[in-house]
Amino acid sequence: MSKNHRGKGLYSLPSRGRGTCPVCKATRIKVLYALLTQNDDKLTVCKRCRNKTVNI
Ligand SMILES: [Zn+2]
């Protein structure tokens, strides 16, 4: 379970796991973390947003 979002495993992901975070709008950040919204939707966000509660 450790280091799931590091190293060569990222190379197989689209854009190597990078993109724009839908929560904080940071660009070219690693967007890898599954976040559950209040509507029970799954959202992938950056590490800065993984513990946030979002209402989108
Ligand atoms: Zn973010």
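Everything discussed here concerns the structure shown above.
These notes cover the structure that comes with them. (Residues numbered from 1 in each chain as written. Predicted model: local features only at pLDDT ≥ 70, side-chain atom pairs only at ≥ 80, totals over all residues. Heavy atoms only, no water.)

## Details of the overall build of the chain
Then step 1. Helices and strands together make up the secondary structure of the chain, namely zero helices and three strands.
Then step 2. The N-to-C order of helical and strand elements in the chain reads β-β-β.
Then step 3. Dimensions of the chain, computed from the C-alpha atoms along their principal axes, are close to 35 × 25 × 15 Å.
Then step 4. By the burial criterion, 25% of the 56 residues in the chain qualify as buried.
Then step 5. Long-range contacts, defined as pairs at least 24 residues apart, comprise 17% of the intrachain contacts of the chain with a sequence gap of at least 6. (Helix = DSSP H or I, 4+ residues; strand = E, 2+ residues; numbered from the N terminus. Buried < 20%, exposed > 50% of the residue type's maximum accessible area, 1.4 Å probe, protein only. Contact = heavy atoms within 4.5 Å.)

## Some points on the packing of aromatic side chains
Then step 1. Here the structure, examined in full by the defined rule, presents zero aromatic pairs.
Then step 2. Taking NZ or CZ as reference, R50 lies 4.7 Å from the ring centre of Y33, over its face. (Phe/Tyr/Trp six-rings, centres within 6.5 Å; stacked < 30°, edge-to-face > 60°. Lys NZ or Arg CZ within 6 Å of the ring centre and 35° of its normal.)

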